[in-house]
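Remarks on the overall topology
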Amino acid sequence: MMSRTLRIDEDGVLRTIDQTLLPFERREIALRSVEDCRRAIVSMQVRGAPLIGAVGAWGLALALRDDPSDAALHEAWRWLLGARPTAVNLRWALDRAMRRVAPLPPAQRAQAARGEAMAICDDDADCNRRIGEHGAALLEALRERLAPNRRAGAPLNLLTHCNAGRIATLDHGTALAPIYLLHQRDVPVHVWVDETRPRNQGASLTAWELAERGVPHTVIVDNAGGLLMRQGRVDAAIVGCDRVAANGDVANKIGTYLKALAARDCGLPFWVACPVSTIDPQAVDGDAVPIEERDAREVTHATGRLADGTIAAVQVVPDGSPVANPGFDVTPARLVGGLVTEHGVFEASAEGVARALAAGLAGTARTAGIAR
Ligand SMILES: CSC[C@H]1O[C@H](OP(=O)(O)O)[C@H](O)[C@@H]1O
């Protein structure tokens, strides 16, 4: 089964939504080659840790369709891995596909890689559905704790940063999955949506997703979250993730750390939603996570829709002004209230990460039918 974020059309061509055109245009792009896959990841037509991983796995399958040799396999693996450095899901998915196909005779590799890419897609959609269930239980428990001091029917006010919705994954999303579930269950929720400069994943993607599902939300500038938390207008923050280090430190979109600091200062829960595939046991702590430095043009120019409907970029920084554009930051484990995974909620600590990984291994064994 392929989800709405990725699909194989009637001609057998892989297609996905070009996220750089949302919310103003919903246009699909065809991914016909490993070059198409890598270009889509680098340009952020495809983005979001789990989706990046899935498209990376499809890129390997397309490379093997053209040349199933050992040299081509390892070259494609290296080339795709270099597309974006921070989200560990890219390496996780490429390694999973490599383990599947490397032992095979070259003639069998392309089909096996395609099968593994399909399985990665199905597994991610199922993981995120379960993240939604565990996260919804967490949010319902919070709502019950707050109920004595709330008017009946008052919404649970949540803040999220960037986009960790269904379009960042194969389906359901991670941070947004519990929110969608609560909304489906008629639990009143409202989402403060950080616009998330400079690529505006919140304003352009999270707002688009929530509006499409009828979830009440308010778009805010990134720097407003602290004020809203101090004013008591936020009950909890829940965000996605690109890499969890072995000690529970979390790498996520730039600005996440500042929200975690404000939440801690205001005594509010700060939760991180991610599949176990986002945990990187090889990263000893957050300082070991590579932070992507993106093109200065993302900061010097803002992209939007002009009055005549065309999408264009306008310059917002003077010529010649130096620009720094780190794409991610690291939130120390001490500021994270819990890791919401498909296997439940785990403490953001070395022990919690170890338990989450063990649950993941046990889950994989069950799925593979291997006796534990
Ligand atoms: C469900 S992972 C979403 C994660 O990915 C985003 O980064 P980008 O838009 O650059 O791919 C952001 O960090 C989100 O939290």
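Remember, predicted model here, so these are calculated numbers, not experimental data. (Residues numbered from 1 in each chain as written. Predicted model: local features only at pLDDT ≥ 70, side-chain atom pairs only at ≥ 80, totals over all residues. Heavy atoms only, no water.)

Section: the environment of Val 46
We apply this condition: Only DSSP runs of H or I reaching four residues or more are called helices, and only runs of E reaching two or more are called strands; each is numbered from the N terminus.
Turning to its location among the elements, Val 46 is positioned in the loop between α1 (34-43) and α2 (49-66). Note: C-alpha distance between Val 46 and Val 314 (268 residues apart in sequence) is 23 Å.

Concerning the UniProt feature "binding site: substrate" (unreviewed entry) in the chain
The condition is simple: UniProt positions are given in the numbering used here, feature names are shortened, and annotations may be inferred rather than shown by experiment. Burial status follows relative accessibility: with a 1.4 Å probe on protein chains alone, a residue under 20% of its type maximum counts as buried, one over 50% as exposed, and anything between as partly exposed. The contact criterion used throughout is that any non-hydrogen atoms of two residues lie within 4.5 Å. Here a polar contact is taken to be a pair of N or O atoms separated by no more than 3.5 Å, where protein atoms must pair a possible hydrogen donor with a possible acceptor and residues adjacent in sequence count only if both atoms sit in side chains.
When the UniProt feature table is mapped to this numbering, "binding site: substrate" (unreviewed entry) covers Arg 47, Gly 48, Ala 49, Arg 84, Gln 201, Asn 252 and Lys 253. You can see Arg 47 is positioned in the loop between α1 and α2. With a relative accessible area of 5%, Arg 47 lands in the buried category. Residues contacting Arg 47, with those up to four places away along its chain left out, are Gln 19, Ile 52, Arg 84, Cys 162, Asn 163, Ile 167, Ala 168, Gln 201 and Leu 205. A distance of 2.8 Å separates the side chain of Arg 47 from the side chain of Gln 19, its partner in a polar contact. Among the secondary structure elements, Arg 84 is positioned in the loop between α3 (70-81) and α4 (88-101).

Some details on the sheet that holds strand β14 (residues 328-331)
Under the convention used in this document: Criterion used throughout: strands pair if DSSP finds at least two bridges between them.
Here we have four strands laid out as an open sheet, ordered β11-β8-β9-β14, and mixed in their pairing. Since the sheet does not close on itself, it has two edges, and those belong to β11 (279-280) and β14, each with one partner. Here strand β8 (residues 243-245) runs beside strand β9 (residues 250-253); their pairing, made up of two bridges, is antiparallel. Each residue of the ladder has a partner; that of Arg 243, found in β9, is Ala 251.

Some points on the pairing of strand β12 (residues 301-305)
One face of the sheet, then the other: side chains in a regular strand alternate in exactly this way. Here β12 runs beside strand β13 (residues 311-315); their pairing, made up of five bridges, is antiparallel. Paired with Arg 305 across the bridge in β13 is Ile 311. If you look at the hairpin formed by β12 and β13, you'll find five residues sitting between the two strands, and Gly 309 has a positive phi there, around 95°.

Quick notes on the pattern of salt bridges
The line we're drawing: A pair is scored as a salt bridge if a Lys or Arg side-chain nitrogen falls within 4 Å of a carboxyl oxygen belonging to Asp or Glu.
In this structure the tally under the stated criterion is 25 salt bridges. A salt bridge links Asp 126 to Arg 129; its shortest N-O distance comes to 2.6 Å. Residue Asp 126 and its partner Arg 129 are located together in helix α5 (residues 106-146), separated by three residues, close to a single helical turn. By relative accessible area, Arg 129 is classed as partly exposed at 38%. Residue Glu 140 pairs with Arg 185 through a salt bridge whose shortest N-O separation is 3.8 Å. Taken as a pair, Glu 140 in helix α5 and Arg 185 in the loop between α6 (177-184) and β5 (189-194) lie far apart in primary sequence, 45 residues in all. Using a relative accessible area of 22% as the deciding quantity, one classes Glu 140 as partly exposed.

Thoughts on the domain arrangement of the chain
Definition in use: What fixes the domain bounds is an automatic or database domain assignment.
Along its sequence, the chain is organised into domain 1 (6-121) and domain 2 (153-367). The distance between the C-alpha centroids of domain 1 and domain 2 comes to 24 Å. Facing the 28 residues of domain 1 at the interface are 32 residues of domain 2. Across the contact surface, domain 1 and domain 2 share two salt bridges. Salt-bridge contacts for Asp 280 lead to Arg 91; the nearest nitrogen and oxygen are separated by 3.0 Å. Where domain 1 packs against domain 2, one counts 14 residue pairs in polar contact (both at pLDDT 80 or more).

Regarding the site of the ligand
Applicable threshold: Being near a molecule or strand, for a residue, comes down to having at least one heavy atom within 4 Å of it. The Shrake-Rupley method, run with a 1.4 Å probe, gives the accessible areas here. Residue values count only the displayed protein chains as cover. Residues are sorted three ways: Asp, Glu, Lys and Arg are charged, Ala, Val, Leu, Ile, Met, Phe, Trp, Tyr, Cys and Pro are nonpolar, and all the rest, Gly among them, are polar.
Within the structure, the ligand sits among 19 residues, and Arg 47, Arg 84, Asp 242, Asn 252 and Lys 253 are positioned closest to it. Within the side chain of Arg 84, one N or O atom sits 2.7 Å away from an oxygen atom of the ligand. The side chain of Asp 242 places a nitrogen or oxygen atom 2.5 Å from an oxygen atom of the ligand. The fraction of the free accessible surface of the ligand (410 Å²) that becomes covered by protein chains is 100%. For the shell around the ligand, the elements supplying multiple residues, two or more each, are α2 and β9. In the shell around the ligand, the residues fall into eight nonpolar, seven polar and four charged. Taken domain by domain, the makeup of the shell around the ligand includes at least three residues from each of domain 1 (6-121) and domain 2 (153-367).

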